[in-house]
Amino acid sequence: MSGRILRTIRLDPSDTVVFDRAAEPGEIAVVGSFTFWDEDPARLTGRARQAFRAGFLGLGSFGFSTLVSVGSASAEEREAAVASLADYILKRLGAPDAASARAAAEEEIAFAEGLAEGHEAGTVIALTRSIEGDGVRERFRTLKRKGAPQALPVIGLVRAEEGSEEAAEDVDLVALLRRAQV
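Residues numbered from 1 in each chain as written. Predicted model: local features only at pLDDT ≥ 70, side-chain atom pairs only at ≥ 80, totals over all residues. Heavy atoms only, no water.

A. How the structure looks around the environment of Ala-110. Counting through the fold element by element, Ala-110 comes out in helix 4 (residues 98-116). For Ala-110, a relative accessible area of 38% corresponds to the partly exposed category. In this structure the C-alpha to C-alpha distance between Ala-110 and Val-30, which are 80 residues apart in sequence, comes to 9.0 Å. (Helix = DSSP H or I, 4+ residues; strand = E, 2+ residues; numbered from the N terminus. Buried < 20%, exposed > 50% of the residue type's maximum accessible area, 1.4 Å probe, protein only.)

This is the structure we're talking about:
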């Protein structure tokens, strides 16, 4: 039996430039906000800030991906992803015990499955995190292909109405690339 899941995608090499570690294409992914638990998001800079602002966590490399697509996973693939994430949470993030790490991993995978549910395979999902008030807000956008292109263009995927929140969140990719090269 297979179910819907999020998988990392790479439309161009930009993830390898803007993140310290880029996820490999095709990895099962989770939202991954928990990786910033001990960080003050307002103090993040450079690549860490970019990962906070727009990164999904790939569960093979534990690198980040700007975009994910809706795919499927067998029961065995799902179990391997849960086990891998639980191990990461236990060993790298300091969960108190294996049972707690496993419960957190199951919750993260279930949330990712919920995001994928109801969407066609291949639907692309983008994430934006921001600091609002005393917490972090996550926004998800689905980006659907028009027709059947061979490759998705990076520019022109999302249309934002002037004055909308999305329009106010312009990202200067040239500036990001310059900072990443420093």
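B. The arrangement of helix 4 in detail. A rise of 1.5 Å per residue sets the reference length of helix 4, with its 19 residues, at 27 Å; its end C-alpha atoms lie 27 Å apart and thus fit the reference within 8%. The secondary structure elements touched by the buried residues of helix 4 are strand 1 (2-9), strand 2 (29-30), strand 5 (67-74), helix 3 (75-91), strand 6 (124-132) and strand 7 (135-143). Measuring from the side-chain oxygen of the N-cap residue of helix 4 to the backbone nitrogen of Ala-99 gives 3.1 Å; that N-cap residue is Asp-97. Gly-118 lies just past helix 4 and shows a positive phi near 85 degrees. (Expected span 1.5 Å × (residues − 1). Contact = heavy atoms within 4.5 Å. Polar contact = N/O pair within 3.5 Å; in protein donor to acceptor, adjacent residues only side chain to side chain.)

C. Seen up close, the sheet that holds strand 1. The four strands are arranged 1-5-6-7 in an open sheet whose pairing can be described as antiparallel. What marks the edges here is a single partner per strand, and that holds for strand 1 and strand 7. Sheet twist, expressed as the mean angle between neighbouring strand axes with direction ignored, is 40 degrees. Pairing of strand 1 with strand 5 involves eight bridges; the strand directions are antiparallel. Across the sheet, the residue bridging to Leu-6 is Val-70, located in strand 5. Most of the contacts of helix 2 (residues 46-54) go to strand 6, to which it runs at about 110 degrees, and overall it touches strand 6 and strand 7. Its contacts with the sheet place helix 4 against strand 1, strand 5, strand 6 and strand 7, and it is angled at close to 90 degrees to strand 1. (Pairing = 2+ DSSP bridges. Axes fitted to C-alpha atoms, helices over the stretch in contact; angles between N-to-C directions.)

Just distances and angles here, no functional claims.
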